[in-house]
Amino acid sequence: MCRWLAYTGDPVLLDELLYKPKYSLIVQSLHSRLGAETTNGDGFGVGWYDASPTPGVFHGVEPAWNDRNLRELATHVASPLVFAHIRASSGSPVQQTNCHPFRHGRWLWMHNGLLRDFAAVRRDLALAVDPDLYPEIDGSTDSELLFFLALTFGLEDDPPRAVERAVGLVEATGRRHGVEHPIQMTVATTDGTRLWAFRYSSEGRSRSLFHNADVSTLRHQYPDNPMLHDLSDKTRLVVSEPLGDLKGAWREIPEATCVVISGGRDELQPFTPRVAAPTA
């Protein structure tokens, strides 16, 4: 599968997120400790927000550990909200349009997992996408199609309910085609202000997902750790794998959970897929 991170807080250089941590996303691209595959070398992507009306995105098809342009970009771009993703393809081609994060207006989306037997369910799911949105689908991944299903079901108005409806449709469609466990996912999405992350799978054994503990609490626990004094209390990270091994710094997100992060605060909510017809 893939590995990803989502960051929100004070503006930070991409370099601080992608390269400097002990178990950075670049390290994970070669040596993932918790992923389904050790190596995630089928391309990468970064998304970030600045003064522009839409987020910037940069995608590459080279392995993240070997891309000089990513290394250069990371030392010059700073942002208060960053998505980063390293890809291990589940079957779709290695090409820029298949690299995460995906973008629609102000929104970014990235996914780790798969829609099982995608070839069998793809047509039915594609027909459920709003016809006005469908022309914006650039690639061939199940991940991008899931994004556009969520947009169809109202992602821009109510992300948790929209993703519940999109996943409910995937499960209903998959089971109609004889797929026992139709979806495996960790997902992150954002409008540039708030961040939502989801951990769910039909079989109840989802890919790993963690969020950081409150920085002020960690600062109290580790008063002599200089790194913690450089972080704002608003710092929030959601990651496929912990970026370091500081005890107590990372909390596993439970199965079937949505994490909502806004204004430096995070809230965990239950996530329950539901079947509903697409919105008009």
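The structure under discussion appears in the preceding block.
Summarised in this report is the structure supplied together with it.

Calculation criteria
- Residues numbered from 1 in each chain as written.
- Predicted model: local features only at pLDDT ≥ 70, side-chain atom pairs only at ≥ 80, totals over all residues.
- Heavy atoms only, no water.
- Buried < 20%, exposed > 50% of the residue type's maximum accessible area, 1.4 Å probe, protein only.
- Helix = DSSP H or I, 4+ residues; strand = E, 2+ residues; numbered from the N terminus.
- Pairing = 2+ DSSP bridges.
- Contact = heavy atoms within 4.5 Å.
- Polar contact = N/O pair within 3.5 Å; in protein donor to acceptor, adjacent residues only side chain to side chain.
- Axes fitted to C-alpha atoms, helices over the stretch in contact; angles between N-to-C directions.
- Parallel < 35°, antiparallel > 145°, perpendicular 65-115°, else oblique.
- Left-handed = near helix turned anticlockwise from the far one by under 90°.
- Nonpolar A, V, L, I, M, F, W, Y, C, P; charged D, E, K, R; others polar.
- Salt bridge = Lys/Arg side-chain N within 4 Å of Asp/Glu carboxyl O.

1. Re the pairing of strand β6 (residues 107–115)
With nine of its nine residues buried, β6 lies for the most part within the structure. As paired elements, strand β5 (residues 102–104) and β6 share three bridges and run antiparallel to each other. By the bridge assignment for β6, R103 is matched with L108. Counting the residues in the hairpin turn of β5 and β6 gives two residues, including G105, whose phi is positive at 60 degrees. Here β6 runs beside strand β7 (residues 183–190); their pairing, made up of eight bridges, is antiparallel. By the bridge assignment, L108 is partnered in β7 with T190.

2. Structural notes on the environment of R199
Secondary-structure assignment places R199 in strand β8 (residues 195–201). Since its relative accessible area comes to 6%, R199 is described here as buried. R199 sits 42 residues away from D157 along the chain, and the two C-alpha atoms are 20 Å apart. Non-local contacts of R199, meaning those with residues more than four positions away in its chain, are made with M185, T186, S206, R207, S208, L209, E252, I253, P254, E255, A256 and T257. In this structure the side chain of R199 is engaged in a polar contact, spanning 3.3 Å, whose partner is the side chain of E252.

3. So, the packing of helix α4 (residues 118–127) against helix α5 (residues 142–152)
Running from N to C, α4 and α5 cross one another at 25 degrees; their axes reach a closest spacing of 11 Å. Compared by their axis directions, α4 and α5 come out roughly parallel. Of the two possible hands of crossing, α4 and α5 adopt the one that is left-handed. Packed against α4, whose contacting residues are F118, R122, L125 and A126, the element α5 presents D142, L145 and L149 at the interface. A per-class count over the contact of α4 with α5 returns five nonpolar, no polar and two charged.

4. Some remarks on the pattern of salt bridges
Counted under the stated rule, the structure contains 16 salt bridges. A salt bridge links E252 to R199; its shortest N-O distance comes to 3.3 Å. A residue pair is termed long-range when its members are at least 10 positions apart, and E252 in strand β11 (residues 250–252) and R199 in strand β8 qualify at 53 residues. Salt-bridge contacts for D214 lead to R236; the nearest nitrogen and oxygen are separated by 3.4 Å. Within this pair, whereas D214 is found in the loop between β9 (210–212) and α7 (215–221), its partner R236 is found in strand β10 (residues 236–239), the two being separated by 22 residues in sequence. Residue R236 is classed as buried on the basis of its relative accessible area of 6%. Taken together, the shared-partner salt bridges connect D15, E16, K20 and R71 into one network.

Worth remembering: the numbers are spatial, not functional.
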